[in-house]
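Reading the structure
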Amino acid sequence: MKPNLIITAVFLLYGLLLTPFGHVGQPVERDANPGYYSIRNIDPGDDSGYYAYVRSAVIDGDLDFFDERGFWHFDAITPTGYTANYWYIGAPILWSPFFLTGHAMAAVSQAAGAAVPLNGYSLPYRGMTFIGSALLTLGGLLLCHACLKRRFAPKVALGVTLLVFTATCLPYFTFIRNRMSHSGDVFAAFLFFYCFLLFREKRDQPRWFFLGWGLLLGLLADLRYISIVYAFLPLGQAGLYLLKSPREKRRPLWTGLALGVLGCVIAFLPQAVFWLRAHGVFSSLNPFTVLVEPSLTGVLESMAQMFTGGTRGLVYMEFIWVAGLLGLPLVWRRDPLLASMLTLVFLGFASAQIVIMDPATFGQRYLLPALPVLAWGLAELAETLNRHKQWRLVFTLGIAGSLWIYILILNYKVVLQHNDPEFLYHALKQLPDLADRAGLVRPTTLIDLWAQGEIRLQTAQQWMFLVILPGTFFVLTAALTVLAVRPPSTTMLKFSGRAGTAFGVVFSLALSLWIFAAHPPKESPEIAERYRISAVSQWLKNPPQMKAPEKLLEKSEALAPESDDTWRIRGDLVFMQGDWKRAQSLYRKAIERDAKSAAWVQLERARLIERQNPEAEIEDSAALQHLKRGFKRLDFENKPLEAMEEFKKALGADPQSKYAAGLQAILIQFAREKLRMEGQGSSITGLPTVFWQILGTRLNEIRARLPLF
C-alpha cells in the first residue's frame, strides 16, 4: 500500500472517531453536544476571532466585527471605532475558498426551498470551513512525508509522518478545536520547509521561486507572527552559499533574497493594513498575553513547566517531542548548519510557549508550527537507530504516545472538567472506566449511526449534516491524496508555482487596498455610541467589575458630552448596585442634557425605592400616580403583569409627559421579551428577578441588541 494512502487512511480514521457528525436527535437538531466542539460549534474566543474575518468580509463586505454574532470580544473598541481583533488573518485567508463553497451551498439550498440563511453562520458555512481546516492538516502531513522521503528511508518517512500527527496534540486541533489557526500553521510550515529543501538541493532557482517562498513566509507570519523565525532557514543557507561562492555568482542570490523579502512584505501587508486601519496602531492589541515573571527564575520555571508541567508537559503528554529533540544532535553530527537552523527555529517557537502562559489549552499547541523540526529530528533518530537494528524503539514509543494522546482527547472537557489541575493523572486513573463503558469509541459518529440504522434523511439539515458534508469531506480528501500519489509533471508544477506566486501577489495587494479603502475611521458620535454599548457589554459579562465600563463611559463622554446616554447608563449601573442616592444624581445629569430623557422614570424609581414609600401623593399628576403604582407592583409586590398595566395607564394619561420616553422603553422591552419567551414556549412570569430590576433601563435596551446576550 502506498505511503500516502496509509497517511490518508489514518487521517480519516481519526476523523470518524473524533468528529461528532452526531445522532439525528442531538447535535443535528440542537446545539447540544457532550463536551466536544463539533462541526456546528465555534468557540467564542480564538475560533470566532479567526472566523469573523472571513464571515464579515464575504457577508458584510467589511472587517467591522462590532455586530459579529458569538464573538466574545466584539466589544473591544479601538480609538478608530472598530472592534479590535487579537487574532490573525492568515487562517481566514486559507479558509476563504471553503467558506465561499459553503456560501454557494447555502444559496442552492435556499433556492431549493430549504430554510438555510445566507448569513455566514448556518451549517453549510461552518461545515465547509471545518472541512477546509481539517484538509489543511492532511495537506501538511502529505508535505511532511514528501520532505522526509527526500532524505530518509521510506519506512522512516512514513512512520515519522504518522507520529507527527497521532503522537502530538494535532488531532485535537484538526477535528475538535478545528477553527483555530493550527492546521494552517502546519500546512504552511511544511510547504515552506519543502521549498527550503528544494533550495538546498539546487541553489539556482528561478526568481518566481524566491518571491513565492517569501510569500509563504509572510503567510506564516499572517498565521502566527512568531513563525517569522522560519526566516533562519533561507538566511542561513543563503549565507553559506554567499560565503562559498565567487563574487560574480553572488548577484542571483542577493536578488533572490531581495525577492523573498519583498514577497514576505506583500503577504503580510493585509494584516499590517488591518492593524493600522482598524486598530490605529501597528499591533494586534492583544491584552490577554500573560507573560512570565521577567526574571531568570521565572523563565527557567516556565521552561521546566513546558517539559514537566503536570497538565501538559512534553515529557508526560507529548513525549515524542523529547525523542525528536534528542535527534537534533544527530543532525548536527552530519549537517551542522541545518541542525543549528532547526535549533534556532525550535527555540523561537519555544520562547513563545515559555513566555505565554496558557493553561486553558490542550497540549503545547504553540509548538505545532515547529513540527518540521520535530519530524526531521525524529527521523534522524529513527534512522540512526535503524543502522543499529533498533528503529522499533522510536516507533514503540510513538505508538504508546499516540494511544496516550487519544485517551487524553477523550477525557479533555468530556469526562474530566476543564482546566483540571491534575489532568494527566486523572486521565490515567480514569482509563479503566473509559474502557468499561465503551468510551474509547465515541458514540456520536457516522459509523455508529450506520451500525444502528439510525440515519434519517427527512430534512435539508439532516441531508447536509449526514450526507453532503461527510461526502464532500471524503471526496476532497481523496482528491488531495491522488494529487500526492500522482503528482503533476515538472512542467505543470513550474506553471502552478508561477501561477500561484502571481495569484498570491495580486490577492495580497488587492486585499490590502480593499482593507485600506473600506475602513476609514468612524465618526465621533458612532465611536461614542460604541463605547457606551461596550460598557454595557463589559458589565453584563462581569457585573461586579465596574472599572472597565467606567473607562469606556469616560471615553464616550469625551467624544459626545451633549448626550444623555452616558449618564443614563452610569445611573443604571449604580442603580443595579443598589446605590439609590448616587443613581438619582447621575439621572439628573442625564436630564440636564435632555429634558425629555427616559432617565425621568428611573429617577422616580430610585426615589421610591430609597424612601420605601411608593404611595402616590395628592399633588402628583395622573401619569406620575400610575407610574408610582407600577413600580410598587414591580419592585415591592413582585407583580410584573399588573405593573405593566399601570405603566400603560401612565402613558395613556399624558403621552407628552416627561415620563413618556421612559414608559415607552419599559413597555417596548417587556413586549419584546414576552414575544421571545412565547417563541420558546415559556411564560414571561418565569423570568428571574434580575430581569425585572433591569427592565426599563438603558442597560436592558442595549442588552437586547447585543450579539452575545
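These remarks concern the structure in this document. (Residues numbered from 1 in each chain as written. Predicted model: local features only at pLDDT ≥ 70, side-chain atom pairs only at ≥ 80, totals over all residues. Heavy atoms only, no water.)

**Notes on the state of the cysteines**
Inspection of every chain in the model, using the stated rule, returns zero disulfides. The closest cysteine sulfur to the non-disulfide-bonded Cys 195 is located on Cys 147, 8.8 Å from its own sulfur. Cys 195 sits in the buried class, given a relative accessible area of 13%. For the unlinked cysteine Cys 264, the closest cysteine sulfur is that of Cys 195, found at 14 Å. Judged by its relative accessible area of 13%, Cys 264 is buried. (Disulfide = S-S within 2.5 Å. Buried < 20%, exposed > 50% of the residue type's maximum accessible area, 1.4 Å probe, protein only.)

**Quick notes on the environment of Ile 176**
Take Ile 176: it is sitting in the loop between α7 (170-175) and α8 (182-201). Given a relative accessible area of 3%, Ile 176 falls into the buried group. Spatially, the C-alpha atoms of Ile 176 and Gln 577 are 40 Å apart, while their sequence positions differ by 401 residues. (Helix = DSSP H or I, 4+ residues; strand = E, 2+ residues; numbered from the N terminus.)

**Side note on empty space enclosed by the protein**
In total, this model carries two cavities of 30 Å³ or more according to the counting rule given. Considering only enclosed or pocket space, the second largest cavity measures out at about 30 Å³ in volume. Every residue along the wall of the second largest cavity is listed here: Ile 7, Val 10, Phe 11, Leu 141, Thr 161, Leu 162, Phe 165 and Thr 166. Those elements that provide at least two residues to the lining of the second largest cavity are α1 (3-18) and α6 (154-166). The element that contributes the greatest number of residues to the lining of the second largest cavity is α6, accounting for four residues. (1 Å grid on protein atoms, 1.4 Å probe; cavity = no way out; pocket = protein on both sides within 12 Å on 5 of 7 lines; lining within 4 Å. Points joined across faces, edges and corners; volume = space filled by probe spheres on them.)

**Some remarks on the nonpolar core**
Counting 213 residues, the largest nonpolar core has Phe 362 and Phe 647 as the members making the most contacts within it. Residues in contact with Phe 362, not counting those within four places in the same chain, are Cys 169, Tyr 172, Phe 173, Met 317, Ile 405, Leu 408, Ile 409, Tyr 412 and Phe 423. Within the second largest apolar cluster, five residues are counted, among which are Leu 211, Leu 215, Ile 266 and Ala 267. (Core = buried A, V, L, I, M, F, W, Y, C linked by side-chain atoms within 4.5 Å. Contact = heavy atoms within 4.5 Å.)

**Things to note about the side chain of Thr 566**
Summarising the element assignment, Thr 566 is placed in helix α24 (residues 565-577). On the basis of relative accessible area, Thr 566 is assigned to the buried category, the value being 0%. With near-sequence residues (within four places) excluded, Thr 566 lies in contact with Arg 532, Leu 553, Ser 556 and Glu 557.

**Describing unusual backbone geometry**
Positive phi values are uncommon outside glycine, yet Leu 285 reaches one of about 60°. Note that Leu 285 resides in the loop between α11 (251-279) and α12 (296-308). Given a relative accessible area of 34%, Leu 285 falls into the partly exposed group. The backbone of Lys 389 sits at a positive phi, close to 60°, despite the residue not being glycine. Examined against the element boundaries, Lys 389 turns out to sit in the loop between α15 (371-387) and α16 (392-415).

**Section: the environment of Met 306**
Of note, Met 306 is situated in helix α12. In this structure, the C-alpha to C-alpha distance between Met 306 and Phe 210, residues 96 residues apart in sequence, is 35 Å. Contacts of Met 306, omitting those with residues within four sequence positions, involve Arg 312, Gly 313, Leu 314, Ala 350, Gln 353, Ile 354 and Gln 364.

**A closer look at the pattern of salt bridges**
Any two side chains of opposite charge can pair, on the condition that their charged atoms come close. Tallied over the full model, the rule gives 32 salt bridges. Ionic pairing is found between Arg 151 and Glu 383, a salt bridge with its closest N-O pair at 3.1 Å. Residue Arg 151 is found in the loop between α5 (123-148) and α6, and its partner Glu 383 is found in helix α15; the two are separated by 232 residues along the sequence. Relative accessible area serves as the criterion here: at 12%, Glu 383 is assigned to the buried category. As a salt-bridge pair, Glu 673 and Arg 676 come within 2.5 Å of each other at their nearest N and O atoms. With Glu 673 and Arg 676 both in helix α29 (residues 660-679) and three residues apart, this pair spans about one turn of that helix. Among the residues examined, Arg 676 registers a relative accessible area of 39% and is labelled partly exposed. Through salt bridges with shared partners, a single ionic network connects Glu 529, Arg 532, Asp 565, Arg 568, Arg 698 and Glu 701. (Salt bridge = Lys/Arg side-chain N within 4 Å of Asp/Glu carboxyl O.)

**Comments concerning the packing of helix α4 (residues 90-111) against helix α9 (residues 207-223)**
Between α4 and α9, whose axes approach to 6 Å, the crossing angle comes to 110°. The pairing of α4 with α9 is recorded here as roughly perpendicular in orientation. Two secondary-structure elements touch here, α4 through Gly 90, Ala 91 and Leu 94 and α9 through Leu 219, Asp 222 and Leu 223. Taken together, the residues of the contact of α4 with α9 break down into four nonpolar, one polar and one charged. (Axes fitted to C-alpha atoms, helices over the stretch in contact; angles between N-to-C directions. Parallel < 35°, antiparallel > 145°, perpendicular 65-115°, else oblique. Nonpolar A, V, L, I, M, F, W, Y, C, P; charged D, E, K, R; others polar.)

**A word on the packing of aromatic side chains**
Overall, the coordinates contain 43 aromatic pairs when judged by the stated rule. Ring centres 5.9 Å apart and planes at 55° place the aromatic pair Phe 66 and Phe 74 in the tilted group. Across the pair, Phe 74 and Phe 66 agree in class, each one buried. Plain terms: the ring middles of Phe 71 and Trp 87 are 6.2 Å apart, the flat faces sit at 65° to each other, and that makes the pair edge-to-face. Pair noted here: Phe 71 is in the loop between α3 (46-60) and α4 and Trp 87 is in the loop between α3 and α4, with a separation of 16 residues, a long-range link. According to the relative accessible area criterion, Phe 71 is buried, its value standing at 0%. Aromatic rings pair up to connect Phe 192, Phe 199, Phe 209, Phe 210, Trp 213, Tyr 230, Tyr 241 and Phe 349 into one cluster. The aromatic ring of Tyr 121 is capped on one face by Arg 69, whose charged end is 4.1 Å from the ring centroid. When the ring centre of Trp 600 is taken as reference, the NZ or CZ atom of Lys 658 above it lies at 3.8 Å. (Phe/Tyr/Trp six-rings, centres within 6.5 Å; stacked < 30°, edge-to-face > 60°. Lys NZ or Arg CZ within 6 Å of the ring centre and 35° of its normal.)

The analysis is restricted to geometry; functional conclusions fall outside its scope.
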